[in-house]
Amino acid sequence: MTYYTGFVLPVLAENKQAYADHATASWPMFKRLGALRMVECWGEDVPRGEQTDFYRATNAREGEVPMFSWIEWPDRETADAAWVKIMEDTEAFRMTDMPFDGMRMFWGGFSPLVDER
């Protein structure tokens with residue numbers, strides 16, 4: 001069954017193109033590890049809440065935009081194996097300098113309940 005790794009993170013607005021370039025450069029690695037697709041979403045209409053919101057969740061600072069992204073995998077086993085390889089083989093899967101603060105990014109794995117393709 002399809003499985004998703006989802007990410008939320010803040011990115012400085014001035015780093016929008018650098019972020020897009022970084023994400024584009026990472027796709028071949030994820031594809032080689034079995035990913036089916038990757039989607040990167042730039043915050044356009046992200047309201048600030050009174051209790052919680054994307055800004056608070058990422059401790060976004062002035063000038064930062066919330067991002068919502070996901071990687072689609074054929075199944076959880078493929079995703080889990082890919083993350084193990086990425087974490088174990090830092091030389092083969094070295095990422096370029098990240099144009100965001102990875103310490104304020106959070107992620108998780110998700111199985112779909114409804115898929116109306």
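Reading guide: rules and limits
Residues numbered from 1 in each chain as written. Predicted model: local features only at pLDDT ≥ 70, side-chain atom pairs only at ≥ 80, totals over all residues. Heavy atoms only, no water. Helix = DSSP H or I, 4+ residues; strand = E, 2+ residues; numbered from the N terminus. Contact = heavy atoms within 4.5 Å. Expected span 1.5 Å × (residues − 1). Buried < 20%, exposed > 50% of the residue type's maximum accessible area, 1.4 Å probe, protein only. Phe/Tyr/Trp six-rings, centres within 6.5 Å; stacked < 30°, edge-to-face > 60°. Lys NZ or Arg CZ within 6 Å of the ring centre and 35° of its normal.

Undergrad: Would you mind going over the side chain of T58 in detail, with residue names and values included?
TA: Tracing the chain through its elements places T58 in the loop between α2 (54-57) and β3 (64-73). Residues within four places of T58 in sequence aside, it is in contact with V8, L9, P10, R104 and F106.

Undergrad: Can you break down helix α1 (residues 16-32) residue by residue, with the values?
TA: Spanning 17 residues, α1 covers 25 Å between terminal C-alpha atoms, matching the ideal 24 Å at 1.5 Å per step. Within α1, the full set of buried residues consists of Y19, H22, A23, S26, M29 and F30. Tucked into the core, α1 has its buried residues touching β1 (3-12), β2 (37-42), β3 and α3 (76-88). Following α1 by one or two positions, G34 has its phi on the positive side, about 110°.

Undergrad: With reference to specific residues and values, describe the packing of aromatic side chains.
TA: Centre distance and the angle of the planes are the two values used to describe a pair of aromatic rings. Within the structure shown, the criterion is met by six aromatic pairs. Look at F68 and W70: their rings are 5.5 Å apart centre to centre, the planes differ by 45°, and that puts the pair in the tilted class. Among the residues examined, F68 registers a relative accessible area of 38% and is labelled partly exposed. Ring-pair connections join several aromatic residues into one group, and the members of that group are F7, F30, W73 and W83. Above the ring of Y55, the side-chain terminus of R48 is found at 3.7 Å from the ring centroid.

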